[in-house]
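Chain residues, written in single-letter form:
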Amino acid sequence: MRQIVPEVKDPVILVSDVQKTLTGGIISFVPDAHEFDVRRSVINGDADIVSRGEYASGTIDMLSISNADYLIVKALQGTVVRLWPFGTGGIPSTAKYYPYLDVIITRVYPYHRNKIYYLDACIIEFVSENKYTLQRASDTGMPSPQDPD
């Protein structure tokens, strides 16, 4: 199997045209989760599958997060952001870049890891906005600057 990236780095999200590195974030990433429903006939009991395709999903466990960063991430719940799950940058000896995708942040919830009286960690859950196939990107994924009028 071909190696997609030379090394796994911290995940990165794009927030208001600014890349935010989720330092120390541990990603659990399923790039090809098959989304489907099983429908069973009430007449003869036969089952049928309604397939919607393969989508990415996963979580990012932030084992150490400041309150300010938590509030930024929490505000993203229910929005679409660009995610680089394995870090950003060019891949040496190729004209390719680290893969990225647009995801919907479905849930952000804090928990107490080392501190007893306040949150110091959180889990970010996401699903891809569109069907997704894991592959190296042909561009950086950063939006191009708009031409001034």
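Right above here is the structure, for reference.
Since we're looking at a predicted model, the values are computed, not measured.

We now examine the overall build of the protein chain. Check the secondary structure of the protein chain and you find one helix and seven strands. Each helix (α) and strand (β) of the protein chain, taken in turn from the N terminus, gives the series β-β-β-β-α-β-β-β. Viewed in the frame of its principal axes, the protein chain has a C-alpha envelope of about 55 × 50 × 45 Å. The burial tally for the protein chain puts 30% of its 149 residues in the buried class. The long-range fraction of contacts in the protein chain, counting pairs at least 24 apart against all pairs at least 6 apart in sequence, stands at 63%. Carbon and sulfur atoms provide 51% of the accessible area of the protein chain, an area that totals close to 9500 Å². Taken together, the 14 basic and 18 acidic charged side chains of the protein chain have centroids lying 4 Å from each other.

The next point concerns the pairing of strand β2 (residues 18-21). With four bridges connecting them, strand β1 (residues 12-15) and β2 associate as antiparallel partners. If you follow I13 over to β2, its bridge partner there is K20.

The next subject is the sheet that holds strand β4 (residues 47-62). Read from one edge to the other, the open sheet built from seven strands follows the order β2-β1-β5-β6-β7-β4-β3, with strand pairing classed as antiparallel. Every interior strand has two partners, whereas the edge strands, β2 and β3 (25-40), have only one. Averaged over neighbouring strand pairs, the angle between their axes works out to 40° when direction is ignored. Where helix α1 (residues 67-75) meets the sheet, it contacts β2, β6 (101-111) and β7 (121-128), and its direction lies at approximately 130° from that of β6.

The final tally for this structure, using the stated rule, is five salt bridges. Residue D69 pairs with K20 through a salt bridge whose shortest N-O separation is 3.1 Å. A residue pair is termed long-range when its members are at least 10 positions apart, and D69 in helix α1 and K20 in strand β2 qualify at 49 residues. Residue classification places D69 among the partly exposed positions, given a relative accessible area of 27%. For R39, the salt bridge goes to D37, with nearest N and O atoms at 3.6 Å. On the accessibility criterion, R39 (52% relative accessible area) is exposed. The network of salt bridges with common partners includes E35, D37, R39 and R52.

Let's shift gears to the nonpolar core. In terms of nonpolar packing, the biggest core is built from 27 residues, with I105 and I124 touching the most fellow members. Elements with a contribution of two residues or more to this core: β1, β4, α1, β5 (80-84), β6 and β7. With four residues, β6 is the largest single contributor of residues to this core. Those residues in contact with I124 that lie beyond four places of it in its chain are L22, G58, T59, I60, M62, V73, I105, R107 and V108.

The rules behind each value
- Residues numbered from 1 in each chain as written.
- Predicted model: local features only at pLDDT ≥ 70, side-chain atom pairs only at ≥ 80, totals over all residues.
- Heavy atoms only, no water.
- Helix = DSSP H or I, 4+ residues; strand = E, 2+ residues; numbered from the N terminus.
- Buried < 20%, exposed > 50% of the residue type's maximum accessible area, 1.4 Å probe, protein only.
- Contact = heavy atoms within 4.5 Å.
- Areas by Shrake-Rupley, 256 points an atom, 1.4 Å probe, with all protein chains shown as cover.
- Lys, Arg positive; Asp, Glu negative; His and termini not counted.
- Charge placed at Lys NZ, Arg CZ, Asp CG, Glu CD.
- Pairing = 2+ DSSP bridges.
- Axes fitted to C-alpha atoms, helices over the stretch in contact; angles between N-to-C directions.
- Salt bridge = Lys/Arg side-chain N within 4 Å of Asp/Glu carboxyl O.
- Core = buried A, V, L, I, M, F, W, Y, C linked by side-chain atoms within 4.5 Å.

Read these as layout, nothing more, since geometry by itself doesn't imply function.
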